[in-house]
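Here is what each chain is made of, one letter per residue.
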Amino acid sequence: MAESGSMISGVAGRYAQSLFELANEAKAVPAAESDLSRFEEMLKGSDDLQRLIKSPVFSAEEQFRAVGAVLDKAGITGLVGNFLRVTARNRRLFAVPQMIRAFRQIAAQARGEVTAEVSVAHKMTAAQEKELKAALKDVAGKDVTMDVTVDPSLLGGLVVKLGSRQIDTSLKTKLNSLKLALKEVG
């Protein structure tokens, strides 16, 4: 199981690095980030699109045509449009979410930023995001880009991964720790 995860990371990293190099050469990194974010939002909002990229049932040709239609409708063209089409042709759509995350990390590093993966139980307000970003900047000593995911299973609080550090203040973890402590006492 761990091998599969590292394979996806390897594939995602290579694809993201290639896209970044092309975008950087074309001085189009911000535009690529924007298009990738738009595609990511479309993915999050569509079970059908998620099924299309994850299911091995669809042929490369079917994925290519379907993704092409989605991209055309959304007006995602240029580097990112071509990139996603190539990804479909090569049967690597399943790794697109990881590719997007990897691209963001590469772009942030190039700007001298670090990326923090943040999981929250509920969507944060703009003020909460600003406050968290400032706190993470103090910890990291440089600007921090946040990749925020909403995970209702956390119940409350948040989990932040910043480099090799992880800060977990989620209610889920606290409850699990309490259960474990009660079992040990009993």
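Within every chain, residues take consecutive numbers counted from 1 along the sequence as written. Whole-chain, interface and lining totals are the exception, using all residues; otherwise, since this is a predicted model, local features are given only for residues with pLDDT of at least 70 and side-chain atom pairs are given and counted only at 80 or more. Values reported for side chains reflect all heavy atoms of the structure, with hydrogen atoms and water molecules removed beforehand.

### Looking at the confidence of the model for the chain
So, point 1. As a per-residue quantity, pLDDT reports the predictor's confidence and falls between 0 and 100. When pLDDT is averaged along the chain, the result is 89, and 95% of the positions lie at 70 or above.
So, point 2. Under the scheme used here, helices are H or I runs from DSSP no shorter than 4 residues and strands are E runs no shorter than 2 residues, and both carry numbers assigned from the N terminus. Within the chain, the element-level pLDDT minimum falls on helix α1 (residues 2–25), averaging 76, and the maximum on helix α5 (residues 78–89), averaging 95.
So, point 3. Here residues 1–8 is a poorly scored stretch, pLDDT under 50, and it has 4 contacts once near neighbours within four places are set aside; other chains count. Note on definitions: a residue-residue contact is assigned when non-hydrogen atoms from the two residues lie within 4.5 Å.

### Quick look at the pattern of salt bridges
So, point 1. Here, a salt bridge means any side-chain nitrogen of Lys or Arg that lies within 4 Å of a carboxyl oxygen of Asp or Glu. Scanning the model with the defined rule gives 10 salt bridges in all.
So, point 2. For Asp72, the salt bridge goes to Arg85, with nearest N and O atoms at 2.7 Å. Linking Asp72 in helix α4 (residues 60–74) with Arg85 in helix α5, this pair joins segments that are 13 residues apart in sequence.
So, point 3. Only protein chains enter the calculation, and the probe is 1.4 Å; a residue is then buried if its accessible area is under 20% of its type maximum, exposed if over 50%, and partly exposed in between. The exposure class assigned to Asp72 is exposed, which follows from its relative accessible area of 53%.
So, point 4. Linking Glu113 and Arg111 is a salt bridge whose minimum nitrogen-to-oxygen distance equals 3.3 Å.
So, point 5. Here the residues in one salt-bridge network are Glu33, Arg111 and Glu113, joined through shared partners.

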